[in-house]
Amino acid sequence: MNLIAAVDRNWAIGLRNKLLVSIPMDMKFFREETTGKVVVMGRKTLESFPNGQPLKNRVNVILTKNADYQVKGAKVVHDLEQLQEELKKYRDEDVYVIGGESIYRQLLDLCDAAHITKIDYTYEADAYFPNLDEMEDWEVTADSEEQTYFDLEFRFLKYERKREC
């Protein structure tokens, strides 16, 4: 499975259930990476989308503890066991965890790749992605040229879980 996120210098991802910044190249990368695939998210992440609607042209899987929660056009699961059962229907490399913080933390150990847009700026934030730079079992395997959006500098990084030889 994959993780995908845009993070600031402190691995922050959001404030008050909103993204820290919207960078068109990052949004395009996200769309290209996840279209036609499976996206896994929590209820609050779904509710942060325009009109709280699932993403088009993707299988949307929502993980929530709320047993009564239903969303048209999405599959809703209520625990990790149900989630893993649902995800057996798809190829591992076609599954992308898209947030928020608690979902990233719960599913990190099940993932082998992370597509991170690293923004060279520090935002006020209340939600964070696990800091992969501090984890021995993750390494950067791809690093883009530095990109610029107005005065913001960022790069696209791919982290992969180190394989035991």
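These notes cover the structure that comes with them.

Rules used throughout
Residues numbered from 1 in each chain as written. Predicted model: local features only at pLDDT ≥ 70, side-chain atom pairs only at ≥ 80, totals over all residues. Heavy atoms only, no water. Helix = DSSP H or I, 4+ residues; strand = E, 2+ residues; numbered from the N terminus. Rg over C-alpha atoms; globule rule 2.2 N^0.38 Å. Buried < 20%, exposed > 50% of the residue type's maximum accessible area, 1.4 Å probe, protein only. Areas by Shrake-Rupley, 256 points an atom, 1.4 Å probe, with all protein chains shown as cover. Lys, Arg positive; Asp, Glu negative; His and termini not counted. Charge placed at Lys NZ, Arg CZ, Asp CG, Glu CD. Pairing = 2+ DSSP bridges. Phe/Tyr/Trp six-rings, centres within 6.5 Å; stacked < 30°, edge-to-face > 60°. Core = buried A, V, L, I, M, F, W, Y, C linked by side-chain atoms within 4.5 Å. Contact = heavy atoms within 4.5 Å. Arc of directions from axis to C-beta. Salt bridge = Lys/Arg side-chain N within 4 Å of Asp/Glu carboxyl O.

**Details of the overall build of the chain**
When helices and strands are tallied, the chain shows four helices and twelve strands. Over its C-alpha atoms the chain spans a radius of gyration of 15 Å, differing by no more than 12% from the 15 Å that the globule rule assigns to 165 residues. Reported as C-alpha extents along the three principal axes, the dimensions of the chain are approximately 45 × 45 × 25 Å. Buried positions account for 44% of the 165 residues belonging to the chain. Split by element, the accessible area of the chain, about 9,700 Å² in all, is 46% carbon and sulfur. Side chains of the chain carry 23 positive and 31 negative charges; the gap between the two charge centres is 7 Å.

**Considerations on the sheet that holds strand β3 (residues 18-19)**
Here we have three strands laid out as an open sheet, ordered β3-β2-β9, and antiparallel in their pairing. The open sheet has two edge strands, β3 and β9 (127-128), and neither has a second partner. Strand direction decides the pairing type here: strand β2 (residues 12-15) and β3, joined by two bridges, are antiparallel. Bridge assignment links L15 to a residue of β3, and that residue is K18.

**What about the packing of aromatic side chains?**
Inspection of every chain in the model, using the stated rule, returns seven aromatic pairs. Between Y149 and F150 the ring centres are 4.8 Å apart and the planes differ by 70°, which places this aromatic pair in the edge-to-face class. Since its relative accessible area comes to 28%, Y149 is described here as partly exposed. Chaining the aromatic ring pairs together yields one cluster made of W11, Y104, F129 and Y159.

**Some words on the nonpolar core**
L3, V97, I116, F129 and L132 are the most contacted members of the largest nonpolar core, which has 28 residues in total. Elements with a contribution of two residues or more to this core: β1 (2-7), β4 (38-42), β5 (59-63), α3 (80-87), β7 (95-99), α4 (101-107), β8 (113-119) and β12 (152-161). What L3 contacts, discounting residues up to four positions off in sequence, is V97, Y104, L108, C111, A113, A114, H115, F129 and W138.

**Examining helix α1 (residues 24-34)**
The set of residues buried in α1 consists of D26, E33 and T34. The buried residues of α1 occupy one face: seen down the axis, they fall within an arc of 80°. On the buried face of α1, the contacting elements are β1, β4, β7, β8 and β12. At the exit of α1 stands G36, carrying a positive phi of roughly 80°.

**Brief notes about the pattern of salt bridges**
Note on pairing: side chains with opposite charge can pair once their charged atoms come close. All told, the structure shown has twelve salt bridges when counted by the stated rule. In this structure, the salt-bridge partner of R91 is E93, at a minimum N-O distance of 3.4 Å. Under the relative-accessibility criterion, E93 is labelled partly exposed at 46%. Between R155 and E146 there is a salt bridge, with the nearest N and O atoms lying 4.0 Å from each other. E146 sits in the partly exposed class, given a relative accessible area of 44%. When salt bridges with common partners are traced through the structure, they connect R91, E93 and D94 into a single cluster.

Just geometry here; none of it tells us what the structure is for.
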